[in-house]
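# Observations on the three-dimensional arrangement
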Number of protein chains: 2
Amino acid sequence: MLKLRRIPLDTHREYVAFLSRDCAAYRAEGFRALAKIEVSAGSRRILATLNIADNGLIVGPDELGLSMQPFATLGLPEGAEVEVRQASPPESLESVRSKIRGRTLEATEYRAIVEDIAAHRYSQMELAAFLVSTAGFMTTEEVLALTRAMAEVGNRLTWPDPVVADKHCVGGIPGNRTSMVVVPIVAAHGLPIPKTSSRAITSPSGTADTMEVLANVDLSVTRMRDMVERQRGCLVWGGHMNLAPADDVLISVERPLNMDTPEQMVASILAKKVAAGSTHLLIDIPVGPTAKVRSQSDAIRIRKLFEYVGGQLGLTLEVTITDGRQPIGRGIGPALEARDVMRVLGNDPAQPLDLREKSILLAGRILDFDPGVRGGSGAQLAREILDSGRAQAAMEAIIAAQGPPPAWRGNGHYAEDIPAGQSGTVAAIDCYRINRIARLAGAPMDKGAGLDLMKKVGDRVRKGDPLYRIQAGFAADFAFATGMARENSGYAIQ
Amino acid sequence: MLKLRRIPLDTHREYVAFLSRDCAAYRAEGFRALAKIEVSAGSRRILATLNIADNGLIVGPDELGLSMQPFATLGLPEGAEVEVRQASPPESLESVRSKIRGRTLEATEYRAIVEDIAAHRYSQMELAAFLVSTAGFMTTEEVLALTRAMAEVGNRLTWPDPVVADKHCVGGIPGNRTSMVVVPIVAAHGLPIPKTSSRAITSPSGTADTMEVLANVDLSVTRMRDMVERQRGCLVWGGHMNLAPADDVLISVERPLNMDTPEQMVASILAKKVAAGSTHLLIDIPVGPTAKVRSQSDAIRIRKLFEYVGGQLGLTLEVTITDGRQPIGRGIGPALEARDVMRVLGNDPAQPLDLREKSILLAGRILDFDPGVRGGSGAQLAREILDSGRAQAAMEAIIAAQGPPPAWRGNGHYAEDIPAGQSGTVAAIDCYRINRIARLAGAPMDKGAGLDLMKKVGDRVRKGDPLYRIQAGFAADFAFATGMARENSGYAIQ
């Protein structure tokens, strides 16, 4: 029996435990550093990766330390008595090993794997092994089985309405905040659209980060239900709702590995949407040389996979392939993107027209899901809702219902314009590099940080004209971002 | 600039860094927990996985903490000024990603991957990705390229002699300490056999652990050279010699994943042997239902791969397929195995005959490498060297030259005999379970712990007869091991 101690370390999704080298249990069990151990107290148990502490600073010989995340999951106070033992590797790893050897797995095997992943029974290296083994080859039936398992393990929301709309973009395009225009348009029309979004992992802002500039995004399922009943829509963060939790765990390894195969992308997106109770879904695949999807043929292959898996799961699903050759809108970073969104909703003369037009297109496709809308008239309807101010009013109602945003530090005291190195026409903008510079400037942690684009593809520029402004709330961030931008602005001028 | 601090945590081969959440560099760079960062001071630099500390207990806001292993590698004192930045992922990961997509890699790509792995630039999940991507499929040319790269990155020993012998067993058989009999026989004959061995990772003892009961095994390359000149052989631990260091890093992920494909096994073993300067190599592949290699056809496939890769690397290589249906010898665990070895060398009436006969067979194959030995007479020669006491004398000289062993705790105060549950004949012994019970008893950390087998396959037993004795130095270990043995002894009696 050891005494539980909370170690104030953020180890993200990797559960880490700490034992003293002088601990009797450590020696008795023949534990090694990096072994997986099971920590239990009564019926509560978690698995964690073991670090060995060499003096009493971190844990004493009669203590078991847990980093913040597993401590919270175990849910016991400091000083509680816990037991430790060697963890048996999850049985579903045998299926992963056969997948490595080339076997096609059964649906029951994906289910067991997903249950173990959602329960944090896989170490990071085991997660990587699963991802790589499936990245090599998956049949469409395997993608379906994985998606279904991910959707079924965790919470599932249900709604009383026959049509529950949602949209999702596969990502990679800076500033692409269409959801925040589409949701109020669709809600104003009266179609329920309970939108849950993620925070940025490697990009300068996710929809949840940008919405959080305007309103609270961390709502309970009960409050979200209430909003959908009254406002027909919401724009909230899905992080605490336990929707397809295995997906969150897998993403924590996919991102550092920079692995995002079509099969994993489709499973990840559709599992979250099915768990959230959507019935009608629009998928946006931007295609461009620096977007996530780089060719039309890749986009078509992904579209077919979305259609097949979505169809088998009972979703009405449309895929739209859009222009992903440059950022959408002008602001990159939470506050700058929120500004663009509110300008579009307010029909402000300074609004970015590409964000407006793309949002109308997407909202129109969703309105076409409504059986009461005459086929093909959705886009016209969306335009009227936006122009009339009804979308703006819907957004204001959503913001009021979600409540005020948390306070945030940093508000762009530092700013510098990045000039064109030559005269000519903007031929291309590197989405990847623009994301990276905005991220260095402090986005999304510093909500005010990011880039404000003054030129887009096709614009004529003279040498020295500002291409974009970098904003940052902190000197060090500002130096990093401007340094990278001066080295290469990400703009190609011809 | 941050001040370096040593965090007394053993994180094995995973390099871990610690920053305070209040550290300016953490916020500025937009680091996330589990990101990989580069820590540098002048020309020294290492990569480490980041953990975020939430109060000043572990690191202060102006400090950068490193766990024990990266602290030692960086080689700077506490308080030294270091810089941190986002680490770019190693470029060779692009090759791993193409391997995942099914491409066959070039030799130059394996070289780059191995250099990055040896320099600790791969995180655990990246190592797992590489292992799984190659476990799916490798051509024999790829195995050769990987082996050559692993052998060439790190130290390489060279010897003045035209024949430098070595032997290696692919493992899995408890008690199989033939090297400690073979080396003195071969050395007594006068053939150089500089044997470097590993410590146990998942087994109850490695050759280095068992030899360490009798002598110091942690020798410098200079002292090893000196020994080979005078004694012709040695039995040392290779851990500090930096031979094929990428292999050590890969093994740290292969073992927890329980992945050991023929390709990885061949590359791992041959890279170490080439780096150690061997010219003539005997490989022992035990085959049995609970051994690492389970069928004759698997053994033949592995044999051919050893022969091809070894041949291309200029090794004279012989593979012998042996009986792996049960443990070899009687003792399992460092001290008990050392007892068996010394009994064989001393022609003690209590010696285990299977260890003696197998050692003579293997030593004979190695003596046959000597151009001065008449073809096929090696085994007879080995028997004569053993029977005459010359092997024992050679072992005593080796032990004296290596110096006295370190002190060790625990000496088997606890002992219990595990009885046969029925009368009959021992039909099978489960190597895997015997290893596990011996490990639970405390081997190899407790040198005296382990199992002493009293019955082997083919022996007749009566119900209640002792099958083996469990020895342990600590009460908790003893309880774990006897508990597991009582549940299932690992013996099948018919």
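Position labels on residues start from 1 in each chain and follow its written sequence. All chains are assigned letters beginning with A, and all ligands numbers beginning with 1, in the order in which they are written. Reporting in this predicted model follows two pLDDT cut-offs: at least 70 for local features of residues, and 80 or more for side-chain atom pairs to be given and counted; totals over whole chains, interfaces and linings ignore these cut-offs and use all residues. Side-chain calculation: all heavy atoms of the structure are included, whereas hydrogens and water are not.

Attention now moves to the packing of helix 6 (residues 140–152) of chain B against helix 12 (residues 296–312) of chain B. Any two packed helices are characterised by how steeply their axes cross, that is the angle between the axes, and by the distance between the axes. Residue and element names in this part refer to chain B. All axes are obtained by fitting lines to C-alpha atoms, using only the stretch in contact for helices, and the reported angles, taken between N-to-C directions, cover 0 to 180 degrees. Helix numbering and strand numbering both begin at the N terminus, where a helix is a DSSP run of H or I of at least 4 residues and a strand a DSSP run of E of at least 2. Where helix 6 meets helix 12, the axes come as close as 10 Å, and the angle between the chain directions of the two elements is 55°. By the angle class used here, helix 6 and helix 12 are oblique. Relative to helix 12, the crossing made by helix 6 is right-handed. Taken together, the residues of helix 12 that come into contact with helix 6 (itself represented by Thr 140, Glu 141, Val 143, Leu 144, Thr 147 and Arg 148) are Leu 305, Tyr 308, Val 309 and Gln 312. Note on residue classes: Ala, Val, Leu, Ile, Met, Phe, Trp, Tyr, Cys and Pro are nonpolar, Asp, Glu, Lys and Arg are charged, and everything else, Gly too, is polar. Per-class residue counts for the contact of helix 6 with helix 12 are five nonpolar, three polar and two charged. Note that the term roughly parallel is reserved for angles under 35 degrees, roughly antiparallel for angles over 145, roughly perpendicular for angles of 65 to 115, and oblique for everything else. For any pair of crossing helices, the crossing counts as left-handed if the nearer helix is rotated counterclockwise from the farther one by less than a right angle, and right-handed if it is rotated clockwise. Between two residues, a contact is recorded if the distance between any of their heavy atoms is within 4.5 Å.

When chain B is fitted to chain A, the residual RMSD is 0.0 Å, and the transformation amounts to a turn of 180° plus an axial shift of 0.0 Å. Taken together, the rotation angle and the small translation identify this as a two-fold axis. Relative to the rotation axis, the closest C-alpha in chain B is found at Met125(B), a distance of 2.3 Å. Most of the interface of chain B is mirrored in chain A, where 98% of its interface residues are also at the interface. Fitting of the copies onto one another was done by least squares over C-alpha atoms, counting residues only where both copies have pLDDT of at least 70.

To continue, consider the pattern of salt bridges. Residues and elements named next belong to chain A. When a carboxyl oxygen of Asp or Glu is within 4 Å of a side-chain nitrogen of Lys or Arg, the pair counts as a salt bridge. Tallying each qualifying case throughout the model produces 72 salt bridges over all chains. Notably, a salt bridge pairs Asp 166 with Lys 195, separated by 3.8 Å at the nearest N-O pair. Of this pair, Asp 166 sits in strand 8 (residues 165–169) while Lys 195 sits in strand 9 (residues 193–197); the two residues are 29 residues apart in sequence, bridging distant segments of the chain. Here the term buried applies to any residue with accessible area under 20% of the maximum for its type, exposed to any over 50%, and partly exposed to those in between, with areas from a 1.4 Å probe on protein chains only. According to the relative accessible area criterion, Asp 166 is buried, its value standing at 1%. What makes Lys 195 buried here is its relative accessible area of 3%. Two residues, Arg 383 and Glu 357, come together in a salt bridge whose shortest N-O distance is 3.1 Å. Placement of Arg 383 in helix 15 (residues 378–387) and of Glu 357 in helix 14 (residues 353–367) is noted, with a sequence separation of 26 residues between them.

A few words on the domain arrangement of chain A. Domains assigned within chain A are domain 1 (2–86), domain 2 (165–239 + 273–402) and domain 3 (414–493). Averaged C-alpha coordinates put domain 1 of chain A and domain 3 of chain A at centres separated by 46 Å. For each domain, the first and last residues come from an automatic or database assignment.

All names here are of chain B. At least two bridges found by DSSP between two strands are what make those strands a pair. Across the sheet, three strands lie side by side as 8-11-12; this open sheet has parallel pairing. Each edge of the open sheet carries a strand with a single partner, namely strand 8 (165–169) and strand 12 (316–323). The average angle at which neighbouring strand axes cross in this sheet is 20°, direction not considered. Alignment of strand 8 against strand 11 (residues 280–287), held across five bridges, turns out to be parallel. Among the inter-strand pairings, Ala 165 is bridged to a residue of strand 11, identified as His 280. Against the sheet, helix 14 (residues 353–367) touches strand 8, strand 11 and strand 12, its axis set at about 150° to strand 11.

Residues lying three or four places apart along an α-helix face the same way, a consequence of the helix completing one turn every 3.6 residues. Within helix 3 (residues 93–100) of chain A, seven of the eight residues are buried, which leaves the element mostly enclosed by the surrounding structure. Inspection of helix 3 of chain A places Leu93(A), Ser95(A), Val96(A), Arg97(A), Ser98(A), Lys99(A) and Ile100(A) among the buried residues, and these make up the whole buried set. Tucked into the core, helix 3 of chain A has its buried residues touching helix 4 (107–118), helix 5 (124–136) and helix 6 (140–152) of chain A together with helix 5 (124–136) and helix 10 (245–257) of chain B. Among the residues trailing helix 3 of chain A, Gly102(A) stands out with phi positive, at a value near 110°.

Once that is clear, we can look at the sheet that holds strand 15 (residues 424–429) of chain B. Residues and elements named next belong to chain B. The strand order across the open sheet formed by three strands is 17-15-19, and the pairing between neighbours is antiparallel. Edge positions in the sheet fall to strand 17 (460–461) and strand 19 (491–493), since each has one partner strand and no second. Where strand 15 and strand 17 come together, two bridges link them in antiparallel fashion. Within the sheet, the bridge partner assigned to Thr 425 lies in strand 17 and is Arg 460.

Residue and element names in this part refer to chain A. The pairing test for Phe, Tyr and Trp rings, Trp by its six-membered ring, is centres within 6.5 Å, and the orientation test on the planes gives stacked under 30 degrees, edge-to-face over 60, and tilted for anything in between. All chains considered together, the criterion is met by six aromatic pairs over all chains. With a centroid separation of 6.4 Å and 70° between ring planes, the pair formed by Tyr 110 and Phe 130 is classed as edge-to-face. Of this pair, Tyr 110 sits in helix 4 while Phe 130 sits in helix 5, and the two are 20 residues apart along the sequence. Residue Tyr 110 shares its accessibility class with Phe 130, and that shared class is buried. Over the aromatic face of Trp 159 sits the side chain of Arg 225, whose NZ or CZ is 5.2 Å from the ring centroid. Distance and angle both matter: a charge sits over a ring if NZ of Lys or CZ of Arg is within 6 Å of the ring centre and within 35 degrees of the ring normal.

The disulfide criterion used throughout: a pair of cysteine sulfur atoms within 2.5 Å. A full pass over the atoms with the stated rule returns zero disulfides over all chains. Here Cys169(A) stays free of any disulfide, with the sulfur of Cys431(A) as its closest cysteine sulfur at 11 Å. For Cys169(A), a relative accessible area of 16% gives the class buried. Here Cys234(B) is not disulfide-linked; the sulfur of Cys169(B) is the nearest cysteine sulfur, at 19 Å. When its relative accessible area of 0% is taken as the criterion, Cys234(B) is described as buried.

Between chain B and chain A, the residue contacts involve 56 residues of the former and 55 residues of the latter. Run the count over chain B and chain A and you get two salt bridges. Its salt-bridge partner being Arg21(A), residue Asp10(B) comes within 3.0 Å of it at the nearest N-O pair. Counting of polar contacts relies on pairs of N or O atoms within 3.5 Å, with two restrictions inside protein: one atom must be capable of donating a hydrogen and the other of accepting it, and residues adjacent in sequence are counted only when both atoms are side-chain atoms. Along the contact surface separating chain B from chain A lie eight residue pairs in polar contact (both at pLDDT 80 or more). The pairing of strand 5 (residues 44–53) of chain A with strand 2 (residues 9–10) of chain B spans two bridges and is antiparallel. Bridge assignment links Ala53(A) to a residue of strand 2 of chain B, and that residue is Leu9(B).

As a further point, take unusual backbone geometry. Residue and element names in this part refer to chain A. Of the consecutive residues Ala 443 and Pro 444, the connecting peptide bond is found in the cis state with omega at 5°. Secondary-structure assignment places Pro 444 in the loop between helix 17 (431–440) and strand 16 (450–453). At Arg 232, a residue that is not glycine, the phi angle is positive and equals roughly 75°. You can see Arg 232 is positioned in the loop between helix 9 (221–231) and strand 10 (233–237).

So, on to the pairing of strand 1 (residues 2–7) of chain B. Residues and elements named next belong to chain B. Of the pairings in the sheet, the one linking strand 1 to strand 7 (residues 81–86) comprises two bridges and is antiparallel in character. Counted as the bridge partner of Lys 3 is Glu 81 from strand 7. Alignment of strand 1 against strand 6 (residues 63–67), held across five bridges, turns out to be parallel. Along strand 6, the bridge assignment pairs Arg 6 with Leu 66.

Residue types Ala, Val, Leu, Ile, Met, Phe, Trp, Tyr and Cys, when buried and joined through side-chain atoms within 4.5 Å, form a set referred to as a nonpolar core. Membership of the largest hydrophobic core comes to 112 residues, with the highest contact counts inside it found for Ile285(A), Phe306(A), Ile285(B) and Phe306(B). Not counting the four nearest positions on each side in its chain, Ile285(A) is found in contact with Val170(A), Val293(A), Ala299(A), Ile302(A), Arg303(A), Phe306(A), Val319(A), Thr320(A), Ile321(A) and Thr322(A).

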